[in-house]
Amino acid sequence: MVDAKTRLYGVIGFPTRHSLSPSMHNAAFRALGINAVYLAFEVHPEELGDAIKGFRALSISGLNVTMPHKEAIIRFLDSLSEDSGEIGSVNTVVNRNGKLEGHTTDGIGARRALERVIELGERRILIIGAGGAGKAIAYELAKDNDVVVLNRTPEKAKVLERFGITGDALNRGNLGKYLKWAEVLINATPVGMNSWETPVPGEMLRKDLVVMDIVYKPLKTRLLTEAELRGCKTVDGLWMLVYQGIESFRLWTGLEPDEGLMRGAALESLSQ
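So, here's what we can say about the structure. (Residues numbered from 1 in each chain as written. Predicted model: local features only at pLDDT ≥ 70, side-chain atom pairs only at ≥ 80, totals over all residues. Heavy atoms only, no water.)

**Some details on the overall build of the protein**
Going by this rule: The helix count covers DSSP runs of H or I at least four residues long, the strand count covers runs of E at least two residues long, and both are numbered beginning at the N terminus. Each residue's exposure class comes from its accessible area (1.4 Å probe, protein chains only) as a fraction of the maximum for that residue type: buried when under 20%, exposed when over 50%, partly exposed otherwise. By definition, residues are in contact when any of their heavy atoms lie within 4.5 Å.
Across its full length, the protein holds 10 helices and 12 strands. If one aligns the C-alpha atoms of the protein with their principal axes, the spans along those axes are about 55 × 35 × 30 Å. The buried share among the 272 residues of the protein stands at 54%. Sequence separation of 24 or more characterises 64% of the internal contacts of the protein that already satisfy a separation of 6 or more.

The following block contains the structure:
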């Protein structure tokens, strides 16, 4: 039961009914003895402004933000972290004395996930997708790596060029060209979520590529399955979800939860 001292957190998106974040964060709150609850709020895009007013009225302590609100939410916040302001994407909101701060933890989440299998720094990284997550990942990894972003609407990718990131159109010709160049491939689109689709044909993958997919439903996407068949090192999307969640948790509480605990809770929820 939620009492007057219980802090309220949640994830907003459309849809959110299958989100793994409540399982992860509630497990972390319990383990650390924090009197808090984390809920999933399904918010239609047209109702986002009203929802934020409601969260303010409830004095909600923090939010995660998922598709399709990562960019649209910005106009309803009081301030932005430097990286969120630069890329125009928010996935974490912190309530500080009634003021809502926007942050992004997607980039550091992707970095920590990749560092499980590869040492970063001066790597050649190809990212598919220039949405909120793709931009955050590109911005973070471009700090010490050479990054190219491909997007079906190339203008969205080219906006990133002011950060020293190459933006180009997503088509088979560019895929072939940049895959020959890349050491790391990241799918930052929803292609493959709850389907057997892939943004990159398996025959285009080299065995020396590191392949990461931010999609985690299914956990072993078609992209990762075909990459493993070709001998690639792979990183599933659940690791990014866990690490970005850990960064959000730290922003909210100042504490870092156990990654194994959060992944275990997410895996249990995923299997249900």
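**A short note on the packing of helix 1 (residues 21–31) against helix 9 (residues 237–253)**
In plain terms, the rule: Under this scheme, a helix contributes an axis fitted over its contacting stretch, all axes are lines through C-alpha atoms, and angles between N-to-C directions fall in the 0 to 180 degree range. Roughly parallel here means an angle under 35 degrees, roughly antiparallel means over 145, roughly perpendicular means 65 to 115, and every remaining angle is called oblique. By convention the crossing between two helices is left-handed if the near helix lies anticlockwise of the far one by an angle smaller than a right angle, and right-handed if it lies clockwise. Residues were grouped as follows: Ala, Val, Leu, Ile, Met, Phe, Trp, Tyr, Cys and Pro as nonpolar; Asp, Glu, Lys and Arg as charged; and all remaining residues, including Gly, as polar.
Look at helix 1 against helix 9: their axes get within 11 Å of each other, and the N-to-C directions meet at 50°. With respect to each other, helix 1 and helix 9 are oriented oblique. In this structure, helix 1 crosses over helix 9, and the sense of that crossing is right-handed. Facing helix 1, whose interface residues are S21, M24, H25, A28 and F29, helix 9 presents L241, V242, G245, F249, W252 and T253. Its residues assigned to classes, the contact of helix 1 with helix 9 shows 7 nonpolar, 4 polar and no charged.

**Some points on the sheet that holds strand 5 (residues 92–96)**
Operational definition: DSSP bridges decide pairing: two strands pair if at least two such bridges lie between them.
Read across the open sheet, the 6 strands follow the order 2-1-3-5-6-4; overall the sheet is mixed. In this open sheet, the two edge strands, each paired with only one partner strand, are strand 2 (36–42) and strand 4 (79–80). One ladder, built from 4 bridges, connects strand 1 (residues 7–13) with strand 3 (residues 62–65); its direction is parallel. For I12, the partnering residue across the bridge sits in strand 3 and is V65. Relative to strand 5, helix 9 is tilted by about 5°, and along the sheet it contacts strand 1, strand 2, strand 3, strand 5 and strand 6 (99–103).

**Overview of the packing of aromatic side chains**
This is how the line gets drawn: In this scheme Phe, Tyr and Trp rings, the latter by its six-membered ring, pair at centre separations within 6.5 Å, and the angle between planes marks the pair as stacked below 30 degrees, edge-to-face above 60, and tilted otherwise. Geometrically, a charge over a ring is one whose NZ (Lys) or CZ (Arg) sits within 6 Å of the ring centre while staying within 35 degrees of the ring normal.
Applying the stated criterion across every chain, the model contains 8 aromatic pairs. Chaining the aromatic ring pairs together yields one cluster made of Y9, F29, Y38, F249 and W252. Between the NZ or CZ atom of R116 and the centre of the ring of W239, over which it lies, the distance is 3.6 Å.

**A word on the pattern of salt bridges**
The cut-off we apply is this: Within this document, salt bridges are pairs made up of a side-chain nitrogen of Lys or Arg and a carboxyl oxygen of Asp or Glu, the two lying within 4 Å of each other.
Under the criterion given, the structure shown has 21 salt bridges. Ionic pairing is found between E247 and R112, a salt bridge with its closest N-O pair at 3.1 Å. Separated by 135 residues along the polypeptide, E247 in helix 9 and R112 in helix 4 (residues 106–114) bring together distant segments of the chain. The partner of E228 in a salt bridge is K220, with the nearest N and O atoms 3.2 Å apart. One network of salt bridges, in which partners are shared, links R111, E115, E140, K143 and D144.

**Examining the nonpolar core**
Stated precisely, the cut-off is as follows: Side-chain atoms within 4.5 Å are what join buried Ala, Val, Leu, Ile, Met, Phe, Trp, Tyr and Cys residues into a set we call a nonpolar core.
With 46 residues, the main nonpolar core has L114, I127, I137, V149, I186 and M212 as its most contacted residues. Ranked by residues supplied to this core, first place goes to helix 9 with 9 residues. Setting aside chain neighbours within four positions, we find I127 in contact with G134, I137, A138, V147, V148, V149, L150, I186 and A188. Within the second largest apolar cluster, 19 residues are counted, among which are I128, L170, L209 and V211.

**Considerations on the sheet that holds strand 8 (residues 146–151)**
Here 6 strands make up an open sheet; going across it, the order is 9-8-7-10-11-12 and the pairing parallel. Looking along the sheet, the strands with just one partner apiece sit at the ends: strand 9 (166–169) and strand 12 (233–235). On average, adjacent strands in this sheet sit at an angle of 20° to one another, irrespective of strand direction.

**A short note on the environment of G134**
Mapped onto the elements of the fold, G134 is located in helix 5 (residues 132–141). Sequence spacing of G134 and L39 is 95 residues, and the spatial spacing of their C-alpha atoms is 25 Å. Apart from the residues within four sequence positions on either side, G134 is in contact with I127, G129 and A188.

**Quick notes on unusual backbone geometry**
The linkage connecting F14 with the following residue, P15, adopts the cis geometry, with an omega of 5°. Structurally, the position occupied by P15 is in the loop between strand 1 and helix 1. Residue E122 is not a glycine yet carries a positive backbone phi of 60°. Its relative accessible area of 75% is what places E122 among the exposed residues. For N194, which is not glycine, the phi torsion reads 55° and is therefore positive. Of the residues examined, N194 reaches a relative accessible area of 60% and is grouped as exposed.

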